[in-house]
Amino acid sequence: MDRSGIERKPVIGITMGDPAGVGPEVIAKALKDKELASICIPVVIGDAGVMNRAAKLTGNRADLHIVDDRLQVEDNAAVLNLLDLNNLSSCHFEDGKISAVCGKASVEYILKAARLALRKQIDSLATAPIHKESTRLAGYGELGHLEILARYTNVDDYATMLVSENLRVIHLTTHYPLREAVEKIKKELIIKRLKLTQKAFSQWGYAKPVIGVAALNPHGGEGGILGAEEIEEIVPAIAAAREMGIEARGPYPADTIFNRALKGELDAVLALYHDQGHIPIKVHNVDKSFSIALGLPFIRTSVDHGTAFDIAWKGLAKADSMVEAIKAAVRLANNKL
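Note that the structure is a prediction, hence the values are computed from the model and not measured. (Residues numbered from 1 in each chain as written. Predicted model: local features only at pLDDT ≥ 70, side-chain atom pairs only at ≥ 80, totals over all residues. Heavy atoms only, no water.)

Novice: Could you give an account of the nonpolar core, naming the residues involved and the relevant values?
Specialist: Residues Ile12, Ile27, Leu31, Met51, Ile122, Met322 and Ile326 are the most contacted members of the largest nonpolar core, which totals 63 residues. Examining the composition of this core, we find that ten residues originate from one element, helix α4 (residues 100-118), more than from any other. Contacts of methionine 51, omitting those with residues within four sequence positions, involve Met16, Pro24, Ile27, Ala28, Val44, Leu80 and Leu82. In terms of nonpolar packing, the next biggest core, distinct from the first, is built from 33 residues, Phe201, Val213, Ala237 and Ile246 among them. (Core = buried A, V, L, I, M, F, W, Y, C linked by side-chain atoms within 4.5 Å. Buried < 20%, exposed > 50% of the residue type's maximum accessible area, 1.4 Å probe, protein only. Helix = DSSP H or I, 4+ residues; strand = E, 2+ residues; numbered from the N terminus. Contact = heavy atoms within 4.5 Å.)

Spelled out as structure tokens, the structure:
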């Protein structure tokens, strides 16, 4: 609320993502949603030329309102607030193609948004997709958004949570080859993730969230017959977390744990590697799924899809995930999940 006691709409920063991908058009499409205009003040951090083109492609008739670092945004559904970094005007790139130019620009949007968030000039951040090969060509070694933001804010305890309706999945590991991911399944890391999850859910109003932990091996290892990770690492981690007051349960076999969550038995699931967590989310409702970063010093949500170079700039990309990410950014700004 402001000083007059009137509830203030949160200002949501939205990074444009890779200019050659679907990011600009899903943003332009999403910001046609009248509900979003009623609950927040969006401001895109990107490039005016690209966003003008995306607006024309998607039929978004809002006028661009260019702002500077002071973020003098307008609360008006007829305008599209844009902080124009003007970092593409003299650069050539091809739609749907990997390029260092687009990789560099996309990271610049992220870092500018992070600075705005740290200064409390925006209440939350929602991000459109970047392309890892493009950012690597531009000289950025980190694997993705979260790694870039964690490095920039000097955070070493962070995780991705995917959300699709009432299914919420935190990842123990994400962007590692499967062999390496399995090697990282250790008691200490599991406890660390459970503590991080407990802290986040507590901030969102959960007194004692119930966190289910997925098993690694078929049938939870069958007492060691099908694998020893449950006995050696996962069960001891859950026991230690429970002694700390965390309501951790499991390990439950991966083929049943997500049904438990969908039935309401679990507030969240700790998946052990990338595909174990991503597959159920995307099977359940891929169009409306989105992600939340845990551990950063500000709120960051994101679409749950990539740059989709194969359909970029053809007007085919769906904006559902971006709409959900922005709505979640608004809820989290109000300390609600």
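Anyway, onward from the coordinates.
Novice: Which residues make up the packing of helix α1 (residues 23-30) against helix α3 (residues 48-58), and what are the values?
Specialist: Axis separation between α1 and α3 bottoms out at 8 Å; the angle between their running directions is 60°. In terms of their interaxial angle, α1 and α3 are classed as oblique. Along this stretch, α1 crosses α3, giving a crossing that reads as right-handed. Mapping the contact onto sequence places Pro24, Glu25, Ile27, Ala28 and Lys29 in α1 and Val50, Met51, Ala54, Ala55, Leu57 and Thr58 in α3. For the contact of α1 with α3, the per-class residue count stands at eight nonpolar, one polar and two charged. (Axes fitted to C-alpha atoms, helices over the stretch in contact; angles between N-to-C directions. Parallel < 35°, antiparallel > 145°, perpendicular 65-115°, else oblique. Left-handed = near helix turned anticlockwise from the far one by under 90°. Nonpolar A, V, L, I, M, F, W, Y, C, P; charged D, E, K, R; others polar.)

Novice: Report on helix α11 (residues 274-285), specifying residues and quantitative values.
Specialist: Helix length check: α11 (twelve residues) gives 17 Å between terminal C-alpha atoms against 16 Å at 1.5 Å per residue, within 8%. Considered for burial, the residues of α11 that qualify are Gln276, Gly277, His278, Pro280, Ile281 and Asn285. Residues of α11 that are buried make contact with β6 (159-164), β7 (167-171), β8 (210-214), α10 (257-262) and β10 (268-271). (Expected span 1.5 Å × (residues − 1).)

Novice: Account for the layout of surface pockets, naming residues and giving values.
Specialist: Looking at the largest pocket, its volume works out to about 830 Å³. Around the largest pocket, the lining comprises 35 residues; the ones closest to its centre are Lys132, Glu147, Thr160, Thr174 and His175. Counting only elements with at least two residues in the lining of the largest pocket, the list comes to α6 (145-152), β6, α8 (187-203), α11 and β12 (300-303). Its residues placed into classes, the lining of the largest pocket shows eleven nonpolar, 15 polar and nine charged. Approximately 540 Å³ is the volume found for the second largest pocket. In terms of lining residues, the second largest pocket is bounded by 24 residues, among which Gln203, Leu296, Pro297, Phe298 and Ile299 are the most central. Looking at the lining of the second largest pocket, the elements that each hand over two or more residues are α8, β11 (290-294) and α12 (320-333). The element best represented in the lining of the second largest pocket is α8, accounting for six residues. (1 Å grid on protein atoms, 1.4 Å probe; cavity = no way out; pocket = protein on both sides within 12 Å on 5 of 7 lines; lining within 4 Å. Points joined across faces, edges and corners; volume = space filled by probe spheres on them.)

Novice: Describe in detail the pairing of strand β4 (residues 79-84), supporting the description with residues and values.
Specialist: Of all six residues making up β4, five are buried, and the element is well covered by its neighbours. Pairing of strand β2 (residues 41-46) with β4 involves four bridges; the strand directions are parallel. Note on β4: the bridge partner recorded for valine 43 is asparagine 81. Relative to β4, strand β3 (residues 63-67) runs parallel, the two being bridged by five bridges. In the strand pairing of β4, leucine 64 is matched with leucine 80. (Pairing = 2+ DSSP bridges.)

Novice: Hey, could you go over the side chain of lysine 327 for me, with residue numbers and the actual values?
Specialist: Here lysine 327 is to be found in helix α12. According to the relative accessible area criterion, lysine 327 is buried, its value standing at 16%. In this structure, lysine 327 is in contact with Glu35, Leu36 and Ile39, ignoring residues within four places of it in sequence.

Novice: Just give me the short version of the pattern of salt bridges, but keep the residues and values in it.
Specialist: Summed over the entire model, instances satisfying the criterion amount to twelve salt bridges. Between glutamate 35 and lysine 327 there is a salt bridge, with the nearest N and O atoms lying 3.1 Å from each other. You can see glutamate 35 sitting in helix α2 (residues 34-39) and its partner lysine 327 sitting in helix α12, a full 292 residues away along the chain. One salt bridge connects arginine 249 with glutamate 247, and the closest N-O pair in it is separated by 3.1 Å. (Salt bridge = Lys/Arg side-chain N within 4 Å of Asp/Glu carboxyl O.)

Novice: Give a description of the side chain of threonine 197 that names residues and reports values.
Specialist: Note on placement: threonine 197 falls in helix α8. Judged by its relative accessible area of 2%, threonine 197 falls in the buried class. From its side chain, threonine 197 meets the backbone oxygen of arginine 193 in a polar contact 2.8 Å long. Leave out the neighbours within four places in its chain, and threonine 197 touches Ile170, Ile211 and Leu294. (Polar contact = N/O pair within 3.5 Å; in protein donor to acceptor, adjacent residues only side chain to side chain.)

Novice: Can you lay out the packing of α4 against α6 for me, pointing to particular residues and giving the numbers?
Specialist: Direction vectors running N to C along α4 and α6 enclose 50°, while the axes themselves pass 11 Å from each other. In terms of orientation, α4 lies oblique with respect to α6. With respect to the hand of their crossing, α4 and α6 are arranged in right-handed fashion. Each of Val107, Ile110, Leu111, Ala114, Arg115 and Leu118 in α4 lies in contact with α6, whose residues at this interface are His145, Ile148, Leu149 and Tyr152.

Novice: Any chance you could break down the sheet that holds β12 for me, citing the residues and the numbers?
Specialist: Taken in spatial order, the twelve strands make up an open sheet running β3-β4-β2-β1-β5-β12-β11-β6-β7-β10-β8-β9, and their pairing is mixed. A strand with exactly one partner marks an edge of an open sheet, and here the two such strands are β3 and β9 (247-252). Mean inter-strand twist for the sheet, computed between neighbouring axes without regard to direction, equals 30°. Taken together, the four bridges between strand β1 (residues 11-15) and strand β5 (residues 124-127) define a ladder with parallel strand orientation. Residue pairing for β5: glycine 13 is matched across the bridge by leucine 125. Sitting on the sheet, helix α9 (residues 229-243) is in contact with β8 and β9, with an inclination near 160° to β9.

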